[in-house]
Amino acid sequence: MLGQAKPEWSKSVFPLFRCFSLTKTPWIIIFFYLGCVYIHVWGKEGDRWVLKDVLDDAHERTIRRVSFSPNGKYLVSASFDASCKVWELRDGSFKRLAVLEGHENEVKGAAFDSSGSLIATCSRDKSVWIWEMESEREFVCLSVLSGHTQDVKNVVWHPSQELLVSCSYDDTLKVWLDDEDDWFCSETLSAHKSTVWDAAFERSEGRLLASCCDDGSVIVWEYTTPARKPSSFDAEGQTKCFQQLTNMAGVHPRSVYAVDWTQGNVLATACADDAVRVIAFDREAKTFNLKGTKSKAHSADVNCVRWCPTDPTLLASAGDDNTVKLWRVKL
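Residues numbered from 1 in each chain as written. Predicted model: local features only at pLDDT ≥ 70, side-chain atom pairs only at ≥ 80, totals over all residues. Heavy atoms only, no water.

### Regarding the overall build of the protein
- In terms of helices and strands, the protein carries zero helices and 28 strands.
- The buried share among the 331 residues of the protein stands at 59%.
- In the protein, of all internal contacts separated by at least 6 residues, the share reaching a separation of at least 24 is 49%.
- For the protein, the exposed surface amounts to about 13,800 Å²; the carbon and sulfur share of it is 44%. (Helix = DSSP H or I, 4+ residues; strand = E, 2+ residues; numbered from the N terminus. Buried < 20%, exposed > 50% of the residue type's maximum accessible area, 1.4 Å probe, protein only. Contact = heavy atoms within 4.5 Å. Areas by Shrake-Rupley, 256 points an atom, 1.4 Å probe, with all protein chains shown as cover.)

### Focus on unusual backbone geometry
- Positive phi values are uncommon outside glycine, yet D274 reaches one of about 75 degrees.
- Mapped onto the elements of the fold, D274 is located in the loop between β23 (266-271) and β24 (276-282).
- Judged by relative accessible area, which is 10%, D274 ranks as buried.
- Positive phi, close to 65 degrees, is recorded for N322, a residue that is not glycine.
- Structurally, the position occupied by N322 is in the loop between β27 (314-319) and β28 (323-330).

### What to know about the packing of aromatic side chains
- Throughout the structure, instances matching the rule amount to six aromatic pairs.
- Both rings, one in W197 and one in Y257, keep their centres 5.3 Å apart while their planes meet at 80 degrees; by these two values the pair is edge-to-face. You can see W197 sitting in strand β18 (residues 196-201) and its partner Y257 sitting in strand β22 (residues 256-262), a full 60 residues away along the chain.
- Residue classification places Y257 among the partly exposed residues on the basis of a relative accessible area of 22%.
- An angle of 25 degrees between the planes, with centres 5.1 Å apart, marks the rings of Y223 and F242 as stacked. Note that Y223 is positioned in strand β20 (residues 218-223) and F242 in strand β21 (residues 242-247), a separation of 19 residues in sequence. Assigned by exposure class, Y223 and F242 land together as buried.
- Among the aromatic residues, those joined into a ring-pair cluster are F201, Y223 and F242. (Phe/Tyr/Trp six-rings, centres within 6.5 Å; stacked < 30°, edge-to-face > 60°.)

### As for the pairing of strand β5 (residues 48-55)
- The sheet contact formed by strand β4 (residues 39-45) and β5 spans seven bridges and is antiparallel. Considered in β5, the bridge of W42 is made with L51. (Pairing = 2+ DSSP bridges.)

### Structural notes on the environment of S186
- With respect to the secondary-structure elements, S186 resides in strand β17 (residues 182-189).
- Given the relative accessible area of 1%, S186 is considered buried.
- When the C-alpha atoms of S186 and K240 are compared, they prove to be 8.0 Å apart, with 54 residues separating the residues in sequence.

### What about the nonpolar core?
- In this structure, L163, V165, L173, L209 and F242 are the most contacted members of the largest nonpolar core, which totals 18 residues.
- When contributions to this core are tallied by element, the ones reaching two or more residues are β15 (163-168), β16 (173-179), β17, β18 and β20.
- In this view, L209 contacts V165, L189, A199, A200, F201, I219, V220, W221, F242 and W261; residues no more than four positions away in its chain are not counted. (Core = buried A, V, L, I, M, F, W, Y, C linked by side-chain atoms within 4.5 Å.)

### So, the sheet that holds strand β19 (residues 208-213)
- Here four strands make up an open sheet; going across it, the order is β18-β19-β20-β21 and the pairing antiparallel. The two strands at the open ends of the sheet, each matched to only one other strand, are β18 and β21. Direction aside, neighbouring strands of the sheet carry axes that sit 25 degrees apart on average.
- In terms of strand pairing, β19 meets β20 through five bridges, oriented antiparallel. Each residue of the ladder has a partner; that of L209, found in β20, is W221. (Axes fitted to C-alpha atoms, helices over the stretch in contact; angles between N-to-C directions.)

### Details of the environment of C84
- Relative to the assigned elements, C84 resides in strand β8 (residues 83-90).
- Judged by its relative accessible area of 1%, C84 falls in the buried class.
- As a C-alpha pair, C84 and A110 span 26 residues in sequence and 7.6 Å in three-dimensional space.
- Ignoring any residue separated from it by four or fewer positions in sequence, one finds C84 in contact with H59, V76, S77, A78, A98, V99, L100, V107, A110 and T121.

### Some thoughts on the side chain of S93
- Mapping S93 onto the fold places it in strand β9 (residues 93-101).
- Residue classification places S93 among the buried residues on the basis of a relative accessible area of 14%.
- Not counting residues within four places of it along the chain, the set of residues in contact with S93 comprises D53 and E88.

Shown next, in the form of C-alpha coordinates:
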(Lines give C-alpha, C1' and ligand atoms only; values in the text may rest on other atoms or scores of the structure.)
Protein backbone atom coordinates (compact mmCIF):
# COMPACT_ATOMS: atom_id res chain seq x y z
CA MET A 1 0.00 0.00 0.00
CA LEU A 2 1.14 3.54 -0.66
CA GLY A 3 1.74 5.81 2.28
CA GLN A 4 -0.20 9.00 2.79
CA ALA A 5 2.75 11.34 2.39
CA LYS A 6 2.70 13.65 -0.59
CA PRO A 7 5.17 12.76 -3.36
CA GLU A 8 8.45 14.62 -3.67
CA TRP A 9 9.27 16.03 -7.09
CA SER A 10 12.58 16.80 -8.79
CA LYS A 11 13.10 17.54 -12.46
CA SER A 12 15.31 17.72 -15.53
CA VAL A 13 14.27 19.86 -18.51
CA PHE A 14 14.64 19.35 -22.27
CA PRO A 15 13.88 22.66 -24.04
CA LEU A 16 12.12 23.15 -27.35
CA PHE A 17 10.42 19.77 -27.57
CA ARG A 18 6.90 18.65 -27.01
CA CYS A 19 6.18 14.92 -27.38
CA PHE A 20 8.06 11.77 -26.57
CA SER A 21 8.16 8.04 -25.93
CA LEU A 22 10.13 5.94 -23.44
CA THR A 23 11.61 2.49 -23.85
CA LYS A 24 13.09 -0.12 -21.52
CA THR A 25 16.57 0.60 -22.84
CA PRO A 26 18.32 3.84 -21.77
CA TRP A 27 16.77 5.81 -24.61
CA ILE A 28 14.19 8.55 -24.66
CA ILE A 29 12.75 9.77 -27.92
CA ILE A 30 11.62 13.36 -28.21
CA PHE A 31 10.30 15.23 -31.23
CA PHE A 32 8.88 18.56 -32.28
CA TYR A 33 5.11 18.64 -32.61
CA LEU A 34 4.00 21.88 -34.20
CA GLY A 35 5.17 21.92 -37.79
CA CYS A 36 8.27 19.78 -37.24
CA VAL A 37 9.21 16.77 -39.32
CA TYR A 38 12.28 15.35 -37.59
CA ILE A 39 12.95 13.21 -34.54
CA HIS A 40 15.55 13.61 -31.81
CA VAL A 41 16.75 10.60 -29.83
CA TRP A 42 18.28 11.15 -26.42
CA GLY A 43 20.20 8.72 -24.22
CA LYS A 44 21.59 8.89 -20.71
CA GLU A 45 25.33 8.91 -20.10
CA GLY A 46 26.07 8.93 -16.40
CA ASP A 47 23.95 11.72 -14.93
CA ARG A 48 23.59 13.58 -18.23
CA TRP A 49 21.14 13.22 -21.09
CA VAL A 50 22.88 13.38 -24.46
CA LEU A 51 21.48 13.82 -27.96
CA LYS A 52 22.20 10.46 -29.60
CA ASP A 53 20.57 10.70 -33.00
CA VAL A 54 18.64 13.06 -35.26
CA LEU A 55 16.28 11.64 -37.87
CA ASP A 56 16.14 14.50 -40.36
CA ASP A 57 13.11 14.85 -42.64
CA ALA A 58 11.46 11.86 -41.01
CA HIS A 59 8.11 12.96 -42.43
CA GLU A 60 6.71 15.57 -44.81
CA ARG A 61 4.33 17.03 -42.21
CA THR A 62 4.01 17.28 -38.45
CA ILE A 63 4.86 14.17 -36.42
CA ARG A 64 2.04 13.34 -34.03
CA ARG A 65 3.32 10.35 -32.06
CA VAL A 66 6.15 7.83 -31.77
CA SER A 67 6.23 4.45 -30.05
CA PHE A 68 8.96 1.91 -29.33
CA SER A 69 8.65 -1.83 -29.80
CA PRO A 70 8.87 -3.82 -26.54
CA ASN A 71 12.53 -4.72 -27.13
CA GLY A 72 13.51 -1.15 -28.05
CA LYS A 73 14.90 -2.24 -31.42
CA TYR A 74 12.18 -0.60 -33.50
CA LEU A 75 10.10 2.54 -33.31
CA VAL A 76 7.13 3.72 -35.31
CA SER A 77 6.30 7.35 -36.04
CA ALA A 78 2.85 8.68 -37.00
CA SER A 79 2.45 11.85 -39.02
CA PHE A 80 -0.03 14.31 -40.43
CA ASP A 81 1.34 13.34 -43.86
CA ALA A 82 -1.00 10.29 -43.62
CA SER A 83 1.86 7.83 -43.20
CA CYS A 84 3.69 5.91 -40.50
CA LYS A 85 7.34 5.00 -40.69
CA VAL A 86 9.10 2.14 -38.96
CA TRP A 87 12.69 2.67 -37.81
CA GLU A 88 15.27 0.07 -36.77
CA LEU A 89 18.15 0.59 -34.35
CA ARG A 90 21.34 -0.49 -36.14
CA ASP A 91 24.92 0.31 -35.14
CA GLY A 92 23.80 2.87 -32.58
CA SER A 93 21.40 4.86 -34.78
CA PHE A 94 17.90 4.49 -36.17
CA LYS A 95 17.49 3.68 -39.87
CA ARG A 96 14.23 3.80 -41.81
CA LEU A 97 12.90 0.30 -42.32
CA ALA A 98 9.45 0.69 -43.87
CA VAL A 99 6.70 3.17 -44.75
CA LEU A 100 3.11 2.27 -43.84
CA GLU A 101 0.67 4.01 -46.17
CA GLY A 102 -3.07 3.74 -46.71
CA HIS A 103 -4.80 6.15 -44.35
CA GLU A 104 -6.70 8.92 -46.13
CA ASN A 105 -5.92 11.65 -43.58
CA GLU A 106 -3.57 12.53 -40.74
CA VAL A 107 -2.37 9.59 -38.65
CA LYS A 108 -2.93 10.40 -34.97
CA GLY A 109 -1.44 7.34 -33.25
CA ALA A 110 0.63 4.20 -33.71
CA ALA A 111 1.71 1.47 -31.31
CA PHE A 112 3.42 -1.94 -31.23
CA ASP A 113 1.71 -4.84 -29.49
CA SER A 114 3.39 -6.84 -26.71
CA SER A 115 4.99 -9.28 -29.18
CA GLY A 116 6.45 -6.52 -31.32
CA SER A 117 5.06 -8.17 -34.46
CA LEU A 118 1.86 -6.09 -34.80
CA ILE A 119 1.40 -2.35 -35.21
CA ALA A 120 -1.91 -0.54 -34.83
CA THR A 121 -2.40 2.87 -36.46
CA CYS A 122 -5.32 5.30 -36.23
CA SER A 123 -6.33 8.35 -38.18
CA ARG A 124 -8.55 11.31 -38.72
CA ASP A 125 -10.20 9.17 -41.41
CA LYS A 126 -12.03 7.36 -38.51
CA SER A 127 -10.27 4.05 -39.12
CA VAL A 128 -7.86 1.78 -37.25
CA TRP A 129 -5.41 -0.36 -39.23
CA ILE A 130 -3.64 -3.50 -38.03
CA TRP A 131 -0.23 -4.22 -39.58
CA GLU A 132 1.95 -7.33 -39.22
CA MET A 133 5.70 -7.62 -39.62
CA GLU A 134 6.10 -10.56 -42.01
CA SER A 135 9.86 -10.22 -42.22
CA GLU A 136 12.42 -7.77 -40.89
CA ARG A 137 11.66 -5.38 -43.73
CA GLU A 138 8.10 -6.16 -44.84
CA PHE A 139 4.79 -5.17 -43.26
CA VAL A 140 1.32 -6.16 -44.46
CA CYS A 141 -2.07 -4.77 -43.49
CA LEU A 142 -4.13 -7.48 -41.80
CA SER A 143 -7.31 -5.50 -41.26
CA VAL A 144 -8.93 -2.08 -41.63
CA LEU A 145 -11.32 -1.45 -38.73
CA SER A 146 -14.21 0.94 -39.26
CA GLY A 147 -16.43 1.59 -36.28
CA HIS A 148 -15.80 5.08 -34.97
CA THR A 149 -17.90 7.95 -36.31
CA GLN A 150 -15.20 10.61 -35.78
CA ASP A 151 -11.42 10.77 -35.90
CA VAL A 152 -9.48 8.31 -33.75
CA LYS A 153 -7.08 9.96 -31.32
CA ASN A 154 -4.99 7.05 -30.07
CA VAL A 155 -4.61 3.27 -29.89
CA VAL A 156 -3.30 1.21 -26.96
CA TRP A 157 -2.56 -2.52 -26.71
CA HIS A 158 -3.16 -4.84 -23.78
CA PRO A 159 0.24 -5.68 -22.19
CA SER A 160 0.00 -9.42 -22.89
CA GLN A 161 -2.98 -10.14 -25.17
CA GLU A 162 -3.93 -9.33 -28.75
CA LEU A 163 -6.52 -6.85 -27.53
CA LEU A 164 -6.58 -3.27 -28.77
CA VAL A 165 -8.41 -0.20 -27.45
CA SER A 166 -9.01 2.91 -29.57
CA CYS A 167 -9.97 6.40 -28.33
CA SER A 168 -12.06 8.77 -30.40
CA TYR A 169 -13.51 12.22 -30.90
CA ASP A 170 -16.90 10.44 -30.96
CA ASP A 171 -16.70 10.21 -27.11
CA THR A 172 -16.16 6.43 -27.06
CA LEU A 173 -13.53 3.78 -26.67
CA LYS A 174 -13.74 0.63 -28.76
CA VAL A 175 -12.25 -2.76 -27.91
CA TRP A 176 -10.90 -4.78 -30.84
CA LEU A 177 -10.08 -8.51 -30.85
CA ASP A 178 -8.61 -10.99 -33.30
CA ASP A 179 -10.54 -14.08 -34.42
CA GLU A 180 -8.12 -15.93 -36.71
CA ASP A 181 -6.93 -12.71 -38.39
CA ASP A 182 -10.50 -11.40 -38.57
CA TRP A 183 -10.44 -8.37 -36.28
CA PHE A 184 -13.77 -7.22 -34.84
CA CYS A 185 -15.16 -4.72 -32.33
CA SER A 186 -16.05 -6.71 -29.23
CA GLU A 187 -17.23 -3.82 -27.08
CA THR A 188 -17.88 -0.06 -27.08
CA LEU A 189 -17.26 1.92 -23.88
CA SER A 190 -19.58 4.92 -23.85
CA ALA A 191 -19.31 6.42 -20.35
CA HIS A 192 -17.42 9.55 -21.41
CA LYS A 193 -19.34 12.67 -22.46
CA SER A 194 -16.71 14.27 -24.67
CA THR A 195 -13.58 13.48 -26.70
CA VAL A 196 -11.54 10.58 -25.33
CA TRP A 197 -7.92 11.64 -25.73
CA ASP A 198 -5.94 8.74 -24.31
CA ALA A 199 -6.07 5.42 -22.47
CA ALA A 200 -3.57 3.18 -20.70
CA PHE A 201 -3.52 -0.37 -19.37
CA GLU A 202 -1.99 -1.19 -16.01
CA ARG A 203 1.22 -2.88 -17.08
CA SER A 204 1.64 -5.99 -14.91
CA GLU A 205 -1.59 -7.88 -15.67
CA GLY A 206 -3.65 -5.50 -17.80
CA ARG A 207 -6.65 -5.86 -15.50
CA LEU A 208 -7.15 -2.09 -15.24
CA LEU A 209 -7.69 0.42 -18.02
CA ALA A 210 -7.72 4.19 -17.46
CA SER A 211 -9.18 6.60 -20.02
CA CYS A 212 -9.21 10.40 -20.01
CA CYS A 213 -11.52 12.93 -21.53
CA ASP A 214 -11.87 16.49 -22.75
CA ASP A 215 -14.39 17.16 -19.95
CA GLY A 216 -11.70 16.56 -17.29
CA SER A 217 -12.85 13.10 -16.23
CA VAL A 218 -10.69 10.00 -15.82
CA ILE A 219 -12.48 6.65 -15.78
CA VAL A 220 -10.95 3.41 -14.49
CA TRP A 221 -12.26 0.18 -16.02
CA GLU A 222 -11.68 -3.42 -14.99
CA TYR A 223 -11.07 -6.05 -17.64
CA THR A 224 -13.12 -8.83 -16.11
CA THR A 225 -13.28 -11.89 -18.39
CA PRO A 226 -11.64 -13.20 -21.54
CA ALA A 227 -13.49 -11.79 -24.49
CA ARG A 228 -15.69 -14.13 -26.49
CA LYS A 229 -15.65 -14.92 -30.19
CA PRO A 230 -18.18 -13.36 -32.61
CA SER A 231 -20.12 -16.64 -32.74
CA SER A 232 -20.95 -16.30 -29.03
CA PHE A 233 -22.12 -12.67 -29.06
CA ASP A 234 -25.16 -11.78 -26.97
CA ALA A 235 -28.38 -10.33 -28.39
CA GLU A 236 -26.89 -6.81 -28.46
CA GLY A 237 -24.05 -8.04 -30.65
CA GLN A 238 -21.21 -7.20 -28.26
CA THR A 239 -19.47 -8.72 -25.28
CA LYS A 240 -19.21 -7.01 -21.89
CA CYS A 241 -15.68 -7.54 -20.63
CA PHE A 242 -14.95 -4.07 -19.25
CA GLN A 243 -16.66 -2.84 -16.12
CA GLN A 244 -16.49 0.77 -14.99
CA LEU A 245 -15.01 0.94 -11.48
CA THR A 246 -14.85 4.68 -10.84
CA ASN A 247 -15.02 8.08 -12.48
CA MET A 248 -12.46 10.56 -11.14
CA ALA A 249 -14.71 13.50 -11.94
CA GLY A 250 -13.84 16.74 -10.18
CA VAL A 251 -10.12 16.06 -9.78
CA HIS A 252 -9.14 17.95 -12.94
CA PRO A 253 -10.62 21.39 -13.68
CA ARG A 254 -9.85 21.20 -17.39
CA SER A 255 -9.22 18.66 -20.17
CA VAL A 256 -7.04 15.63 -19.44
CA TYR A 257 -4.90 14.74 -22.43
CA ALA A 258 -2.93 11.72 -21.22
CA VAL A 259 -2.81 9.04 -18.53
CA ASP A 260 -0.24 6.40 -17.63
CA TRP A 261 0.21 3.74 -14.93
CA THR A 262 3.22 2.86 -12.82
CA GLN A 263 3.54 0.06 -10.26
CA GLY A 264 1.18 -0.06 -7.29
CA ASN A 265 -1.83 1.04 -9.37
CA VAL A 266 -0.61 4.64 -9.45
CA LEU A 267 -1.68 6.96 -12.28
CA ALA A 268 -0.12 10.11 -13.66
CA THR A 269 -2.28 12.57 -15.61
CA ALA A 270 -1.56 15.45 -17.98
CA CYS A 271 -4.00 18.33 -17.72
CA ALA A 272 -4.79 21.54 -19.57
CA ASP A 273 -4.39 23.50 -16.30
CA ASP A 274 -0.59 23.14 -16.73
CA ALA A 275 -0.38 20.58 -13.90
CA VAL A 276 0.73 16.97 -13.51
CA ARG A 277 -1.12 14.84 -10.95
CA VAL A 278 -0.30 11.52 -9.31
CA ILE A 279 -3.30 9.44 -8.22
CA ALA A 280 -3.36 6.13 -6.32
CA PHE A 281 -6.21 3.73 -7.12
CA ASP A 282 -7.46 1.08 -4.69
CA ARG A 283 -8.85 -1.70 -6.84
CA GLU A 284 -10.59 -3.55 -4.02
CA ALA A 285 -12.34 -0.50 -2.58
CA LYS A 286 -12.78 1.08 -6.03
CA THR A 287 -11.58 4.39 -4.63
CA PHE A 288 -8.80 6.80 -5.54
CA ASN A 289 -6.51 9.09 -3.59
CA LEU A 290 -4.91 12.20 -5.09
CA LYS A 291 -1.33 11.75 -3.89
CA GLY A 292 0.06 14.96 -5.27
CA THR A 293 -0.30 17.80 -7.76
CA LYS A 294 2.61 19.55 -9.44
CA SER A 295 1.06 22.91 -10.22
CA LYS A 296 2.72 24.84 -13.04
CA ALA A 297 4.63 21.76 -14.09
CA HIS A 298 4.67 23.53 -17.44
CA SER A 299 3.87 27.12 -18.40
CA ALA A 300 1.14 25.89 -20.77
CA ASP A 301 -1.08 22.82 -21.22
CA VAL A 302 0.51 19.49 -20.26
CA ASN A 303 -0.24 17.21 -23.22
CA CYS A 304 1.53 13.96 -22.32
CA VAL A 305 2.87 11.94 -19.36
CA ARG A 306 4.74 8.63 -19.37
CA TRP A 307 6.33 6.57 -16.59
CA CYS A 308 9.66 4.88 -17.28
CA PRO A 309 9.06 1.12 -17.84
CA THR A 310 12.05 0.11 -15.69
CA ASP A 311 12.08 2.88 -13.06
CA PRO A 312 8.68 3.34 -11.37
CA THR A 313 9.62 6.72 -9.87
CA LEU A 314 10.77 8.37 -13.13
CA LEU A 315 8.03 10.33 -14.89
CA ALA A 316 8.24 12.36 -18.10
CA SER A 317 5.86 15.15 -19.01
CA ALA A 318 5.50 17.22 -22.18
CA GLY A 319 3.85 20.61 -22.51
CA ASP A 320 2.69 23.23 -24.96
CA ASP A 321 5.55 25.35 -23.60
CA ASN A 322 7.81 23.30 -25.91
CA THR A 323 9.58 21.40 -23.14
CA VAL A 324 9.81 17.84 -21.93
CA LYS A 325 10.57 17.45 -18.22
CA LEU A 326 11.75 14.39 -16.35
CA TRP A 327 10.48 14.15 -12.77
CA ARG A 328 11.76 12.01 -9.94
CA VAL A 329 8.58 11.27 -8.00
CA LYS A 330 9.23 9.68 -4.62
CA LEU A 331 5.91 8.25 -3.43
